[in-house]
Amino acid sequence: MASGSKNPLAALPWPFRTAVGIFFKVMNSAFRPDGTVNRRLINLLDWKSPPTRDPVHGVSSSDITVDPSRNLWFRLFVPAAAAAGPLPVIVYFHGGGFAAYSPASRAYDSLCRRIAGEVSAVVASFEYRLTPEYRFPCQYDDGIDTLRFIAENTASLLPENADLTRCFFAGDSAGGNLAHHVAVRAAQEKIGQGRLRVEGLIAIQPFFGGSDRTESEIRLDKGPYNGLPITHTDWLWRAFLPEGADRDHWAANVSGPNAVDISGLADFPANTIIFAGGADPLHDWQVRYYEWLKRSGHEAELVEFAEMGHGFYAFADLSESAQLMHKIKEFVTGI
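These numbers come from a predicted model, not from an experiment. (Residues numbered from 1 in each chain as written. Predicted model: local features only at pLDDT ≥ 70, side-chain atom pairs only at ≥ 80, totals over all residues. Heavy atoms only, no water.)

**Student:** Pulling in residues and values, what's your account of helix α4 (residues 138–152)?
**Tutor:** With 15 residues, α4 ought to run about 21 Å at 1.5 Å a step, and its terminal C-alpha atoms sit 21 Å apart, in line with that. For α4, the set of buried residues is C138, Q139, Y140, D142, G143, I144, T146, L147, I150 and A151. (Helix = DSSP H or I, 4+ residues; strand = E, 2+ residues; numbered from the N terminus. Expected span 1.5 Å × (residues − 1). Buried < 20%, exposed > 50% of the residue type's maximum accessible area, 1.4 Å probe, protein only.)

**Student:** Tell me about unusual backbone geometry, and please be specific about residues and values.
**Tutor:** For the peptide bond that leads from T131 to P132, omega is 0°, which places it in the cis range. Secondary-structure assignment places P132 in the loop between β4 (122–126) and α4. Despite not being glycine, N71 shows a phi value in the positive range, around 55°. In this structure, N71 sits in the loop between β1 (59–67) and β2 (72–79). If you check the backbone angles, K190 has positive phi at about 55° while not being a glycine. Topologically, K190 is positioned in the loop between α6 (174–189) and β6 (198–204).

**Student:** Please set out the layout of surface pockets residue by residue, giving values where relevant.
**Tutor:** When its volume is computed, the largest pocket comes out at roughly 1200 Å³. Lining the largest pocket are 36 residues; nearest its centre among them are F23, Y101, A107, A314 and F315. Secondary structure elements with two or more residues in the lining of the largest pocket: α1 (14–28), α3 (106–119) and α8 (230–240). Looking at the lining of the largest pocket element by element, the count peaks at seven residues for α1. By residue class, the composition of the lining of the largest pocket is 21 nonpolar, eleven polar and four charged. (1 Å grid on protein atoms, 1.4 Å probe; cavity = no way out; pocket = protein on both sides within 12 Å on 5 of 7 lines; lining within 4 Å. Points joined across faces, edges and corners; volume = space filled by probe spheres on them. Nonpolar A, V, L, I, M, F, W, Y, C, P; charged D, E, K, R; others polar.)

**Student:** Talk me through the packing of α4 against α6; I want residue IDs and the actual numbers.
**Tutor:** Running from N to C, α4 and α6 cross one another at 60°; their axes reach a closest spacing of 9 Å. On the basis of their axis angle, the class for α4 and α6 is oblique. Two packed elements cross with a definite hand, and for α4 against α6 that hand is right-handed. On α6, the residues touching Q139, Y140, D141, G143, I144, L147 and R148 of α4 are N177, L178, H181, V182, R185, A186 and E189. Here the contact of α4 with α6 is built from residues that sort into six nonpolar, four polar and four charged. (Axes fitted to C-alpha atoms, helices over the stretch in contact; angles between N-to-C directions. Parallel < 35°, antiparallel > 145°, perpendicular 65-115°, else oblique. Left-handed = near helix turned anticlockwise from the far one by under 90°. Contact = heavy atoms within 4.5 Å.)

**Student:** Any chance you could break down the packing of aromatic side chains for me, citing the residues and the numbers?
**Tutor:** Under the defined criterion, the tally for this structure stands at 21 aromatic pairs. Judged by centre distance (6.1 Å) and plane angle (55°), the ring pair of Y101 and Y108 falls under tilted. The two residues Y101 and Y108 agree in class, both being buried. Among the aromatic residues, ring-to-ring pairing joins F98, F136, Y140, F207, W237, F240 and W250 into one connected group. Sitting over the face of the ring of W285, R288 holds its NZ or CZ atom 4.5 Å from the ring centroid. (Phe/Tyr/Trp six-rings, centres within 6.5 Å; stacked < 30°, edge-to-face > 60°. Lys NZ or Arg CZ within 6 Å of the ring centre and 35° of its normal.)

**Student:** Describe the pairing of β2, listing the residues and the values that go with them.
**Tutor:** In regular strands, side chains alternate between the two faces of the sheet. Most of β2 sits inside the fold, with eight of its eight residues counted as buried. Burial along β2 is two-sided: the face carrying L72, F74, L76 and V78 and the face carrying W73, R75, F77 and P79 are both buried. Both β1 and β2 contribute to a ladder of eight bridges, which runs antiparallel. By the bridge assignment for β2, D63 is matched with R75. Counted along the chain from β1 to the antiparallel partner β2, the turn is four residues long, and its residue N71 has a positive phi close to 55°. With four bridges joining them, β2 and β4 adopt antiparallel strand pairing. Residue pairing across strands places F74 opposite F126, the latter belonging to β4. (Pairing = 2+ DSSP bridges.)

**Student:** Residue-level account of the nonpolar core, with values.
**Tutor:** Judged by nonpolar contacts, the single largest core of 103 residues is most densely connected at F169 and I202. Broken down by element, this core gets its largest block of residues, eight residues, from α6. Sequence-distant contacts of F169, that is, excluding residues within four places in its chain, are made with V91, L147, A179, V182, A183, A186, V198, G200, L201 and I202. (Core = buried A, V, L, I, M, F, W, Y, C linked by side-chain atoms within 4.5 Å.)

**Student:** Before we move on, can you summarise the confidence of the model for the protein with the specific residues and values?
**Tutor:** Of the residues in the protein, 93% have a pLDDT of 70 or more, and the chain-wide mean is 92. A low-confidence stretch, residues 1–5 stays under pLDDT 50, and its non-local contacts, those more than four residues away or across chains, total twelve contacts. (pLDDT = per-residue confidence, 0-100.)

**Student:** Hey, could you go over the pattern of salt bridges for me, with residue numbers and the actual values?
**Tutor:** Here the structure, examined in full by the defined rule, presents 24 salt bridges. Across the pair D109 and R113 runs a salt bridge, and its minimum N-O distance is 3.4 Å. Of this pair, D109 and R113 are both found in helix α3, four residues apart, which corresponds to roughly one turn of the helix. Residue D109 is classed as buried on the basis of its relative accessible area, which comes to 6%. It is possible to trace a salt-bridge network through shared partners that takes in D67, R70, R129, D141, D142, D145, R148, R185 and E189. (Salt bridge = Lys/Arg side-chain N within 4 Å of Asp/Glu carboxyl O.)

Listed below in structure tokens is the structure:
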């Protein structure tokens, strides 16, 4: 296990590292002790990017409405260079603790554009309702409903060469949690059977938790670049989980005493790749997830970046971010 003593963003210039630390502090201050959020402050910090019908970095994008009454939509990224031949489809769930960001957020627009271009895949980045205004299970319901919408309207929504029989679920942080649970429900409910087949699950530093404190949570809680102190993750779980539930609820502690049994779930993705950072307080929960998948009879691979903190993948200038992208490409093309 990594010591976590080094600065996980050491490869970036110090003014940028300082700005990241300040950003974490200001963003986290938007989550009030009374359980409400300062949406005005969050929106001020959440810079948006518009869709681009003309390719940017070789990828075009468009926004598709699913249900305007819930502001349910997704951003579709299509690589221009790989127009010939079938392309896998990656369904992406953005992070933000279930409480912030969207597919239009600049960081997520950039990340999904990178995935589409570097992996040569069609990427559908899902929007979902946010906490605390909308609690569990709204986010999972939104993911399932959007997935069903795509499966039932493939011909009119996706490019002709998009191959939904080679579909992958992916997500980072809270989005990794969503990717897992939507995959479980899609398998249970047999969403898009005959039209959609989920081949793999890509979990990037997924947000899981439990009532006990892990070694990585305790050791890394006070780090200067830690955007996920225990007080903040506890707040996020309280805002998301049903009233009265503790962190051992199956939505949070996916491998804990109340976990959903997936050992006999035939349509759950056959392969999962989990990315973890040694300087991420959530590290130990991600390792537990990997071990639980293996115990449940599913193939899983754990890829660790020893000195990386939570969210490192968003910084394209980091060599580790490039390595992660390469591993995603290997995972998708190797199945």
